[in-house]
Amino acid sequence: MSADLQQIKEQTDSRSIPEQPNQETEFKGTFVSVMALGAFVVLMWLAVFILFIVRQ
Amino acid sequence: MHIHRLEKIWLTFGLAMLFVFLGILGISAFAMGAQPPSPHRHMIDPTRVQETAPFDAPGIKQVADGEYEAVMIAYAFGYSPNKMEVPAGSTVHFTITSPDVIHGFEIPGTNVNMMVIPGEVSQISHKFTKPGEYLILCNEYCGTGHEYMNTVIVVK
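Let me begin by describing the structure that accompanies this report. (Residues numbered from 1 in each chain as written. Chains lettered and ligands numbered in written order. Predicted model: local features only at pLDDT ≥ 70, side-chain atom pairs only at ≥ 80, totals over all residues. Heavy atoms only, no water.)

1. Quick word on the layout of surface pockets
- Within this model, the largest pocket holds a volume of roughly 950 Å³.
- Taken together, 30 residues line the largest pocket, and the ones lying closest to its centre are Phe 52 and Gln 56 of chain A together with Gly 33, Ala 34 and Gln 35 of chain B.
- For the lining of the largest pocket, the secondary-structure elements that each account for two or more residues are helix 2 (23-54) of chain A together with helix 1 (5-31), strand 5 (90-97) and strand 8 (122-128) of chain B.
- Counted by class, the lining of the largest pocket contains 17 nonpolar, 12 polar and one charged residues.
- As a volume, the second largest pocket reaches approximately 190 Å³.
- Looking at the second largest pocket, the residues that line it are Val 54, Arg 55 and Gln 56 of chain A together with Gly 109, Thr 110, His 126, Lys 127, Thr 129, Lys 130 and Tyr 134 of chain B. (1 Å grid on protein atoms, 1.4 Å probe; cavity = no way out; pocket = protein on both sides within 12 Å on 5 of 7 lines; lining within 4 Å. Points joined across faces, edges and corners; volume = space filled by probe spheres on them. Helix = DSSP H or I, 4+ residues; strand = E, 2+ residues; numbered from the N terminus. Nonpolar A, V, L, I, M, F, W, Y, C, P; charged D, E, K, R; others polar.)

Structure, rendered in structure tokens:
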């Protein structure tokens, strides 16, 4: 019984280890989305700021 | 704590953006004197506007070369004085208050846009470089005649 548990534990551990290098690829989509949102915010801010300066 | 490389990049980007925005705001406020139209505590009794100087004689007058001061009252539903004229290239300092409810003061196409609050004196300046007829209108709903509330400043 304890041998089974040990085996399950080992399998769980070994399953979680290969997931680590995958995080690099998992973050790429998030990174692109965050940067796209950031670029949108910067462009909108600049557009409003330039409009404000031009109308001064 | 482990922070992923990409997370570090976007956290740095976000923080830098915040500092740049706040920095520009801080420089324009503290070094260049940008301020909201009612930053000072300039109180007036709203029930005695017509007897209180300078609002006992609303109008526009020249205060310096190329500078005018427009003393105005925003009331339901209009502005006093009703029509103003300045030469092109003049800077007009608007000083305005309300004897009744909250009104708006906007000149479309310019940065002039402020609230006129009873008991407060709002001030804003604008340089009119191009000749034309500039509409001044109320953009705060003030009652049934709100849409008729306007005046003009003619720049020649």
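2. Focus on the nonpolar core
Residues and elements named next belong to chain B.
- Core analysis: the largest hydrophobic core is formed by 24 residues, its most contacted members being Met 72, Tyr 79, Phe 94, Phe 105, Ile 136 and Ile 153.
- Contributions of two or more residues to this core are made by strand 2 (67-75), strand 4 (83-86), strand 5, strand 7 (113-116), strand 8, strand 9 (132-137) and strand 10 (150-155).
- The element contributing the most residues to this core is strand 2, with four residues.
- Excluding residues within four positions of it along the chain, Phe 94 makes contact with Ala 70, Met 72, Met 84, Phe 105, Ile 107, Ser 122, Gln 123, Ile 124, Phe 128, Ile 136 and Ile 153.
- With six residues, the next largest nonpolar core counts Val 49, Phe 55, Val 71 and Ile 73 among its residues. (Core = buried A, V, L, I, M, F, W, Y, C linked by side-chain atoms within 4.5 Å. Buried < 20%, exposed > 50% of the residue type's maximum accessible area, 1.4 Å probe, protein only. Contact = heavy atoms within 4.5 Å.)

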